[in-house]
Every structure is written in C-alpha cells, then in structure tokens.
Amino acid sequence: MTSLALPPGSDHQITCKFTQLLDFSRPIAELPINSLKYSKPLNTAGPWSGALDVEDPEVRKASWVAATSVNKTAVWVDIDGVLVYGGRVTSRQYSRSAGTAELAGTDFSDYFNQRLQTRDYTAYLDADGHSWASSGAPAPRIAYWILKQALEEAYSIPIKVVTVGEPAESHWVTFSAPLTQPQT
C-alpha cells in the first residue's frame, strides 16, 4: 500500500497506519489518506482530518472499515520513519457519490481532557502537606498523586507509575518540570 500522495519533487514518505485504540502493537491497515491535516496545539487536543478513497481496489483489500472504526481505532502518522502524530478516530462519513470516507479525530490528549477527576483538588492537602490550590506544590508531586488516584479507580487508564529505581517498560512518557517550582 502506498502512502499519501505528495507534491511532485517531494522526497518525503508519509505513512498513515491504523491500529486498535487500546492495542497499538498490531496494525490493522496502512491507508493512503488524502488531504491529511492535523494540529498539535499547546495544552489542548489537536484535531486531524482526511479523506480515504474507498473505491481504490487496494483500499478495499485493506479492510478500511475495520481500520477506521469510530472510537475503536487510532491513526499514526509517520514521516520518513519518524512518528509525528497519533490520534483516535472520532468520525467517519461515507459519501457514495464521491467514493470517499471523510475521517476525523483528535490526538490522544483529548482523552485526558475528558477524564473526570477522582476528587476536588481545590482544597486538597496531599500526603506531604502541600495545599495545591493556595501554596502550590512541586509539579512531579501533583502529577504523581493525580495519576496514583486515577489508577486506584476501577476501569481507569492502563498505565503504571514508575518511580526512580524501578525498571521502566518499553512505552513510557518522560515528564519534565522544575522540581522546586510550585505548580497549582
């Protein structure tokens, strides 16, 4: 399957791979998305959109319906072998007359924007005595407690908080903030 059509003379290879939303390890299909657009704004979810030519015989063989299931699959954009974007599929509109499926979604931070907090943190005092709303607390301390409490809730996100000295698994997110700068 070829990747996106690029302007003449372009030396870049763009690939869109689709996986299950909760199992990124096994691709469902690699599909040529036309007019792909995505945004990665700061501190908010970024949208993506594109069109899929479903009349293309190669696309039909690639199980495009399963690969683009709404709220069940994710798209990964790779440019020249470097992962540059990922997001879930939130919309698929089929147009019979155009022979296309218009796809859209948001990046993965959208999931976190929709999560509910496990408690009210405005008057919260953590185990070390930091009052988050009034005096602030070190950013890693806030991140640790919010993630710890989220993981204690049933059906929460399947992640593990790793502290210094523990072996990290293959997929991890580096968090960086000044340790002494209080955050609220």
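Before reading further, recall that the structure is shown in the block above.
Residues numbered from 1 in each chain as written. Predicted model: local features only at pLDDT ≥ 70, side-chain atom pairs only at ≥ 80, totals over all residues. Heavy atoms only, no water.

1. Some thoughts on the overall build of the protein chain
Right, so step 1: Across its full length, the protein chain holds four helices and nine strands.
Right, so step 2: Element order for the protein chain, N to C, with α for helix and β for strand: β-β-β-β-α-α-β-β-β-α-β-α-β.
Right, so step 3: When the 184 residues of the protein chain are sorted by exposure, 31% land in the buried category.
Right, so step 4: Expressed as a percentage of contacts within the protein chain between residues at least 6 apart in sequence, the contacts between residues at least 24 apart total 54%.
Right, so step 5: If you sum the accessible surface of the protein chain, you get close to 12,000 Å²; carbon and sulfur atoms cover 55% of it. (Helix = DSSP H or I, 4+ residues; strand = E, 2+ residues; numbered from the N terminus. Buried < 20%, exposed > 50% of the residue type's maximum accessible area, 1.4 Å probe, protein only. Contact = heavy atoms within 4.5 Å. Areas by Shrake-Rupley, 256 points an atom, 1.4 Å probe, with all protein chains shown as cover.)

2. A word on the pattern of salt bridges
It is possible for side chains bearing opposite charge to pair when their charged atoms get close.
Right, so step 1: If you walk through the whole model with that rule in mind, you get three salt bridges.
Right, so step 2: Residues Arg26 and Asp23 are paired through a salt bridge, measuring 2.3 Å at the closest nitrogen-oxygen approach.
Right, so step 3: Between Glu58 and Lys61 there is a salt bridge; the shortest N-O distance is 3.2 Å. One end of the pair, Glu58, and the other, Lys61, are both in helix α1 (residues 57-61), three residues apart, so they sit about a helical turn from each other.
Right, so step 4: By relative accessible area, which is 37% here, Glu58 ends up partly exposed. (Salt bridge = Lys/Arg side-chain N within 4 Å of Asp/Glu carboxyl O.)

3. Considerations on the nonpolar core
Taken as a class, soluble globular proteins show a tendency for nonpolar side chains to be buried jointly.
Right, so step 1: Counting residues in hydrophobic clusters, the biggest one holds 19 residues, and the most contacted among them are Phe18, Leu31, Ile33, Leu52 and Trp64.
Right, so step 2: Counting residues per element, the ones that place at least two in this core are β1 (14-20), β4 (47-53), α2 (64-67), β5 (73-79), β6 (82-95) and β7 (100-107).
Right, so step 3: Not counting chain neighbours up to four residues away, the residues in contact with Leu52 comprise Leu31, Pro32, Ile33, Val59, Trp64, Thr68, Gly99, Thr100, Ala101 and Leu103.
Right, so step 4: Formed by five residues, the second largest nonpolar core is a distinct cluster that contains Tyr124, Trp132, Ile142 and Trp145. (Core = buried A, V, L, I, M, F, W, Y, C linked by side-chain atoms within 4.5 Å.)

4. Considerations on the pairing of β7
Right, so step 1: Counting buried residues in β7 gives six out of eight residues, a clear majority hidden from the surface.
Right, so step 2: Where β4 meets β7, seven bridges bridge the pair, whose relative direction is antiparallel. What sits directly across from Trp48, in β7, is Gly105.
Right, so step 3: As defined by bridge partners, β6 adjoins β7 across eight bridges and the pair is classed as antiparallel. Residue pairing in the sheet places Ser95 in a bridge with Thr100 of β7. (Pairing = 2+ DSSP bridges.)

5. Considering the environment of Phe108
Right, so step 1: One can find Phe108 in the loop between β7 and α3 (109-114).
Right, so step 2: The spacing of Phe108 and Ala45 is 63 residues in sequence and 7.3 Å in space, taken between C-alpha atoms.

6. With respect to the sheet that holds β1
Right, so step 1: With antiparallel pairing, the seven strands of this open sheet are ordered in space as β2-β1-β5-β6-β7-β4-β3. Edge strands, defined here as strands with exactly one partner in the open sheet, are β2 (23-30) and β3 (33-38). Looking at each pair of strands side by side, their axes are set apart by 35° on average, direction ignored.
Right, so step 2: Here β5 runs beside β6; their pairing, made up of six bridges, is antiparallel. Within β6, the position partnered with Trp76 by the bridge is Gly86. (Axes fitted to C-alpha atoms, helices over the stretch in contact; angles between N-to-C directions.)

What is shown is where atoms sit, not what they do.
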